[in-house]
Amino acid sequence: MTSETSGPREVPATQPSRFARTPLWARVAVPVVVLAGAAGVVAGVVAAGAQPPATVESMCRSAIESTLESRGHADVDVAQSLRVTGADGALRVSGSVTSVDDSGHADYAALRCVVRDEGDAMRVVSARVSD
């Protein structure tokens, strides 16, 4: 028998799939919302992992804190407002710092740092604390 001589072919009845029963707007909106949410999560992770660029003040704070801690001081608190001036191709940072020495006495001192800009990086040249 050939297909020409045989009778009409019967198409089996199929049930509509879940996807076909879903409205078109939902088929478009759900993937868009999922992708936007995933992009937001990725952007949040990247932003949280990124470190702020080092500033002259933050570099000086770190240098002073490590200097005093190496001398046995605790509770080092560098002033929030530091003065930055330019001199001899470097930046000079001055301000105040408080700490507690190893005998438990509060110590108030003036700080002075010199930071040099070396192209794409900055380097603390000196970090001094004077009583």
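Being a predicted model, the structure only gives us computed values, none of them experimental.

Conventions used here
- Residues numbered from 1 in each chain as written.
- Predicted model: local features only at pLDDT ≥ 70, side-chain atom pairs only at ≥ 80, totals over all residues.
- Heavy atoms only, no water.
- Helix = DSSP H or I, 4+ residues; strand = E, 2+ residues; numbered from the N terminus.
- Expected span 1.5 Å × (residues − 1).
- Buried < 20%, exposed > 50% of the residue type's maximum accessible area, 1.4 Å probe, protein only.
- Contact = heavy atoms within 4.5 Å.
- Pairing = 2+ DSSP bridges.

**Some points on helix H3 (residues 56–70)**
Taking 1.5 Å per residue as the helical rise, H3 with its 15 residues ought to reach 21 Å, and the 21 Å between its terminal C-alpha atoms agrees with that figure. Turning to H3, its buried residues are Val56, Met59, Cys60, Arg61, Ala63, Ile64, Thr67 and Leu68. In this structure, the buried residues of H3 make contact with strand S1 (74–78), strand S2 (83–87), strand S3 (90–100), strand S4 (106–118) and strand S5 (121–130). The first or second residue beyond H3 is glycine 72, which carries a positive phi of 95°.

**Thoughts on the pairing of S4**
Alignment of S3 against S4, held across eleven bridges, turns out to be antiparallel. Among the inter-strand pairings, serine 96 is bridged to a residue of S4, identified as alanine 110. Taking the residues between adjacent antiparallel strands as the criterion, S3 and S4 are bridged by five residues, where glycine 104 takes a positive phi near 95°. The antiparallel pairing of S4 with S5 creates a hairpin that spans two residues between the two strands, and glycine 119 there sits at a positive phi of about 75°.

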